[in-house]
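Residue strings, one per chain:
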Amino acid sequence: MRLLLVEDDDRVAAALTAVLGRHGFQVKHARSGHEALDALVPDGNEPFRVVLLDLGLPDRDGFEVCSRIRAGSGVPVIMVTARADIRSRIHGLNLGADDYITKPYDMGELLARIHAVSRRGLPATPAGTGEQAGGPLASRGIEIDRERRRVSVHGRDVPLTRKEFDLLALLAQSPGVVYRREQIFSEVWRSGWEGNGRTLEVHIGSLRTKLGLPGLVEAVRGVGYRLIAEQPADGAARADAPDTGSADAAGSGTAER
């Protein structure tokens, strides 16, 4: 997922870019409002899915930049700023920002907010078509019909439990992007993950087995999981080593919680 970071402090931007990169994001850094608006001009590359916008920019106020972005684009905007007063929050949201988070912030919360607003910006899947040929999972032969809650691999229907389907659908929203365990439990189980690590591990293993694609879901040690959409070049399945030593190996759970 491509993300535009608008931040004039190079140290802050470098640290944030490094963390976001580890979570699978491709980050472009713009140091000013002018650079940000130029970066959003279509150039044939993959469009940005989210803009993280600081308000204290050297050339123009971030509120003006947000207004300019919204006038020409529907890309989700998260204002990331030290301005914590309620009037600034209201003004930013009224200008079209999709979310507003104040510094200092928890990185896990920021990641969750990025994923949340990026889903709002996704085009709706046409009824009955699912994610089919030409989509991000085409090379794996996977089709996901979210409306009918059906999954097939190379035309073979794969029966999944409710939680297995929700887990696959979540990871498939942004192939290659790492989803933290906390976020997965929040969105699929509607609960915290502490003490439930084994439950997630069981569901991931079941998905790999039922789909017949052991390399589809990759564990990222100490962080979470991501979906590998592209078939390996040599046609061999990737070996997904269990995330041993992490919280996923702790606790116990059932196959359907």
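Structure's up top.
Each value, and the rule that gives it
Residues numbered from 1 in each chain as written. Predicted model: local features only at pLDDT ≥ 70, side-chain atom pairs only at ≥ 80, totals over all residues. Heavy atoms only, no water. Pairing = 2+ DSSP bridges. Helix = DSSP H or I, 4+ residues; strand = E, 2+ residues; numbered from the N terminus. Contact = heavy atoms within 4.5 Å. Axes fitted to C-alpha atoms, helices over the stretch in contact; angles between N-to-C directions. 1 Å grid on protein atoms, 1.4 Å probe; cavity = no way out; pocket = protein on both sides within 12 Å on 5 of 7 lines; lining within 4 Å. Points joined across faces, edges and corners; volume = space filled by probe spheres on them. Nonpolar A, V, L, I, M, F, W, Y, C, P; charged D, E, K, R; others polar. Buried < 20%, exposed > 50% of the residue type's maximum accessible area, 1.4 Å probe, protein only.

Undergrad: Quick question: what am I supposed to make of the sheet that holds strand S7 (residues 150-153) here?
TA: Hydrogen bonds between backbone atoms are what pair the strands of a sheet, whose relative direction is either parallel or antiparallel. Taken in spatial order, the three strands line up as S6-S7-S8 in an open sheet, and their pairing is antiparallel. The open sheet has two edge strands, strand S6 (142-145) and strand S8 (156-157), and neither has a second partner. As judged from the two bridges shared by S7 and S8, these two strands associate in the antiparallel manner. Paired with serine 152 across the strands is aspartate 157, a residue of S8. Along the sheet, helix H6 (residues 162-172) contacts S6 and S7; its crossing angle with S6, the most-contacted strand, is approximately 110 degrees.

Undergrad: Could you clarify how one ought to interpret the layout of surface pockets in this entry?
TA: Empty space among the atoms becomes visible once a probe the size of a water molecule is rolled across them. Estimates place the volume of the second largest pocket at around 310 Å³. Surrounding the second largest pocket, 17 residues form its lining, Ala39, Leu40, Val41, Pro42 and Ser73 being those nearest its centre. For the lining of the second largest pocket, the elements supplying multiple residues, two or more each, are helix H2 (33-39) and helix H3 (62-72). Sort the elements by how many residues they give to the lining of the second largest pocket and H3 lands first, with three residues. Here the lining of the second largest pocket is composed, by residue class, of nine nonpolar, four polar and four charged.

Undergrad: Whenever I open this one, the sheet that holds strand S10 (residues 217-220) confuses me. Can you help?
TA: What the three strands build is an open sheet, ordered S9-S11-S10; its pairing is antiparallel. Where the open sheet ends on each side, the last strands, each with one partner, are strand S9 (179-180) and S10. Across two bridges, S9 lies against strand S11 (residues 224-227) in antiparallel orientation. The residue bridging arginine 180 from the neighbouring strand is glycine 224, located in S11. The sheet contacts of H6 involve S9, S10 and S11, and relative to S11 the element is tilted by about 70 degrees.

Undergrad: Just to check I follow, could you spell out the environment of valine 27 for this structure?
TA: Assignment of secondary structure puts valine 27 in strand S2 (residues 26-30). It is 5.9 Å that separates the C-alpha atoms of valine 27 and leucine 4, two residues lying 23 residues apart in sequence. Discounting residues that sit within four places of it in the chain, valine 27 has contacts with Leu3, Leu5, Thr17 and Leu20.

Undergrad: Can you help me understand the pairing of S11 in this one?
TA: Consecutive residues of a regular strand have side chains that alternate between opposite faces of the sheet. With four bridges joining them, S10 and S11 adopt antiparallel strand pairing. Looking at S11, one finds that glutamate 218 is bridged to arginine 226. The hairpin formed by S10 and S11 contains three residues between the paired strands, and glycine 222 there has a positive phi angle of roughly 80 degrees.

Undergrad: Explanation requested: helix H7 (residues 181-189) in the structure shown.
TA: Where H7 is concerned, the buried positions are Arg181, Gln183, Ile184, Phe185, Val188 and Trp189. Two residues or fewer past H7, arginine 190 is found with a positive phi of approximately 60 degrees.

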